[in-house]
Amino acid sequence: MFGINGGEFLVLLVVALVILGPERLPHYAEQLASLVKSARRFAKGAQAQMREELGPEFDDIDWQKLDPRQYDPRRIVRDALSEAWEDDDAPAKPGSGSTAAGGRTGVDLGKKSARPAAEPSPVPYDEDAT
């Protein structure tokens, strides 16, 4: 829950017992239970209010699909690049920056190309500018 394992939780309980003492511990445990109950009531009320305001479409939402933890940037980039180069037999469009070899440029994505990537042109050197 908070990144606390069982041993750490027991240590925290012992520290709380020593700091609070046995006479004040029941009072604080009651307050904690009351806080948890009110938080649950608040969450259920908010959920009911959302269901009421959003209507029946709220039940049809696939929340797992919207979970941001499922997104892997590497997979997204790989899928986008494979879709772009999926059609290897299509002729290159003029002015698109593609080569005649199926739209591939000098970018290596793990696939071996038939011809090596073009050498970059040298940057002109201006002696007067330095």
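In what follows, the structure referred to is the one given above.
Residues numbered from 1 in each chain as written. Predicted model: local features only at pLDDT ≥ 70, side-chain atom pairs only at ≥ 80, totals over all residues. Heavy atoms only, no water.

Before we go on, may I ask you to explain the overall build of the protein chain in this structure?
From N to C terminus, the protein chain includes two helices and zero strands. A burial count over the protein chain gives 5% of its 130 residues as buried. Total accessible area on the protein chain stands at roughly 12,100 Å², and carbon and sulfur atoms take up 60% of it. (Helix = DSSP H or I, 4+ residues; strand = E, 2+ residues; numbered from the N terminus. Buried < 20%, exposed > 50% of the residue type's maximum accessible area, 1.4 Å probe, protein only. Areas by Shrake-Rupley, 256 points an atom, 1.4 Å probe, with all protein chains shown as cover.)

Just checking my understanding: could you explain the side chain of Asp 67 for this structure?
Tracing the chain through its elements places Asp 67 in the loop between α1 (6–54) and α2 (73–84). For Asp 67, the side chain forms a polar contact with the side chain of Arg 69, separated by 3.1 Å. (Polar contact = N/O pair within 3.5 Å; in protein donor to acceptor, adjacent residues only side chain to side chain.)

Whenever I open this one, a nonpolar patch on the surface confuses me. Can you help?
A surface patch of nonpolar side chains, about 480 Å² in accessible area, is lined by Ile 4, Phe 9, Leu 10, Leu 12 and Leu 13. Of note, Phe 9 is situated in helix α1. (Patch = residues over 30% accessible without salt bridge, like charges linked within 9 Å, V, L, I, M, F, W, Y side chains within 5 Å. Salt bridge = Lys/Arg side-chain N within 4 Å of Asp/Glu carboxyl O.)

Teacher, can you tell me more about α1 here?
Over its 49 residues, α1 extends only 40 Å from the first C-alpha to the last, a length that falls short of the 72 Å expected when each residue adds 1.5 Å. Of all bends in α1, the biggest is about 105°, found at Gly 21, and the proline Pro 22 comes one to four residues later. The backbone nitrogen of Gly 7 lies 3.3 Å from a side-chain oxygen of the residue at the head of α1, namely Asn 5. Trailing α1 by a residue or two, Gly 55 shows a phi angle of about 80°, which is positive. (Expected span 1.5 Å × (residues − 1). Bend = angle between axes of the 7 residues up to and from the residue.)

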